[in-house]
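So you can see what is in the structure, the chains are spelled out below.
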Amino acid sequence: MTLARVERPRRPPAASGASATPAHRRRHTRGSRLTALAFVAPLVAYLAAFYLYPLYRNLDLSLRDYTVRSFVAGDAPFTGWENFQHVLDDPTFGPALRHTMVFTFVSIVFQYAIGLALAVFFNRHFRLAPTLRALFLIPWLLPLIVSASTWSWMFNSESGVVNYFLHLVGMDPVGWLTSPDWALTSVIVANIWIGIPFNLVILYSGLQNIPAELYEAAALDGAGVWQQFRRITFPLLRPVSAITLLLGLVYTLKVFDLIWIMTKGGPGDASSTLATWSYQLGFGTLLPKFGPGAAVGNILILIALVFGLLYIRVQRRQEA
């Protein structure tokens, strides 16, 4: 009796070059990394040239006693925190900080509130909605120097259109840009007008992502317009609202050109902010104070950084 010979299954022949697979993988990984670095390199170079280096130079300016001669020669002595101490002890610092906070807070509140109201209004999709929405974008499309010059003319004490309408209703003219009581209010009004389109666009985009079925279900349950806004629209817009407010905060903190064109921070220091004061210290006199001006700029950057970190913390709590 013969036993059948059982043959073991043969392994498939190894593919050619199998022994080179690890090396091939290493070359492929190295090539992928080089490709990724090639794509990232322009961005890194841009950030280093236009963000990191200016920040470094601004910090260096604030820590040295720069004059016009030493600025050219590059031999300014190191003074440490003396420029910051000089700025904090200056009587202009308190009013400038207060004006910055008022200008920023009031502008953001009204820009967001009006922008949200307009976004909800245009979300109804009536016939003229696209045309009217495009018209509301005009303040955002105009060059800032044009907008600021237009508001300066409108608020002119003698020939401005605002005082003309006040005269028609029997009211006395107001020195919008020349009175210490009204100068800050005037630049706030102009800044609100300029910032409304940005809030409108971002919040309107957020509304487009809210499912219409939620509103239909709420209407079937008897919810009114205000209840739908409070229970559906506003809660679901929180992420979009947060980024809108943060971007508005960072932008408004550093507003300079609008205030400078309209009032130059005056009369006196009535509408001076940290941004305009920094410019006045660094470039507004025949004997510029580069160190204190850079110190004010760094304080402004620090304030924006604090609010940015607070935003990140709030966002993480909401996502948790």
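As shown above, the structure is provided for reference.
What counts as what
Residues numbered from 1 in each chain as written. Predicted model: local features only at pLDDT ≥ 70, side-chain atom pairs only at ≥ 80, totals over all residues. Heavy atoms only, no water. Core = buried A, V, L, I, M, F, W, Y, C linked by side-chain atoms within 4.5 Å. Buried < 20%, exposed > 50% of the residue type's maximum accessible area, 1.4 Å probe, protein only. Helix = DSSP H or I, 4+ residues; strand = E, 2+ residues; numbered from the N terminus. Contact = heavy atoms within 4.5 Å. Arc of directions from axis to C-beta. Salt bridge = Lys/Arg side-chain N within 4 Å of Asp/Glu carboxyl O. Expected span 1.5 Å × (residues − 1). Phe/Tyr/Trp six-rings, centres within 6.5 Å; stacked < 30°, edge-to-face > 60°.

Asks: Which residues make up the nonpolar core, and what values go with them?
Replies: Soluble globular proteins: nonpolar side chains tend toward being buried together. In terms of nonpolar packing, the biggest core is built from 36 residues, with F103, F155, W176, L258 and M262 touching the most fellow members. Broken down by secondary-structure element, the contributors of at least two residues to this core are α4 (93-122), α7 (144-154), α8 (161-168), α9 (183-208), α10 (212-220) and α13 (257-262). With 11 residues, α9 is the single largest residue contributor to this core. Filtering out sequence-adjacent residues up to four positions away, F103 remains in contact with L184, V187, I188, N191, T252, V255 and I259. Counting 17 residues, the second-largest nonpolar core is a separate cluster that includes V87, L249, V296 and I303.

Asks: Explain helix α3 (residues 82-89) residue by residue, including any values.
Replies: When α3 is considered as a whole, its buried residues turn out to be N83, F84 and V87. Looking straight down α3, one finds that the buried residues subtend no more than 100° of arc, so they occupy a single side. In α3, the exposed positions that point more than 90 degrees away from the buried face belong to E82 and D89.

Asks: Could you give me a rundown of the pattern of salt bridges, with the residues and numbers involved?
Replies: Any two side chains of opposite charge can pair, so long as their charged atoms come close to each other. Applying the stated rule across the entire model yields 2 salt bridges. A salt bridge links D60 to R57; its shortest N-O distance comes to 3.2 Å. Here R57 and D60 lie together in helix α1 (residues 21-62), a separation of 3 residues that amounts to about one turn. Looking at D60, the relative accessible area reads 12%, which means it is buried. Note that R64 and D60 form a salt bridge whose closest N and O atoms lie 2.8 Å from each other. The class of R64 is partly exposed, set by a relative accessible area of 26%. Here the salt bridges do not stand alone but share partners, grouping R57, D60 and R64 into one network.

Asks: Got a sec to walk through the environment of I210? Specific residues and values, please.
Replies: Along the polypeptide, I210 turns up in the loop between α9 and α10. Beyond its immediate stretch of four places on either side in the chain, I210 contacts Y215, I232, T233, L236 and L237.

Asks: I'd love a proper account of helix α12 (residues 238-253), names of residues and values included.
Replies: Along its 16 residues, α12 runs 22 Å from first to last C-alpha, staying within 8% of the 22 Å computed at 1.5 Å per residue. Buried residues of α12: S241, A242, T244, L246, G248, L249, T252 and L253, and no others.

Asks: Can you break down the packing of aromatic side chains residue by residue, with the values?
Replies: Within the structure shown, the criterion is met by 20 aromatic pairs. Between the aromatic rings of F93 and W277, the centroid separation amounts to 6.4 Å while the plane-to-plane angle is 50°, which identifies the pairing as tilted. Of the two residues, F93 sits in helix α4 while W277 sits in helix α14 (residues 274-283), which places them 184 residues apart along the sequence. W277 matches F93 in its accessibility class, with the two residues each being buried.

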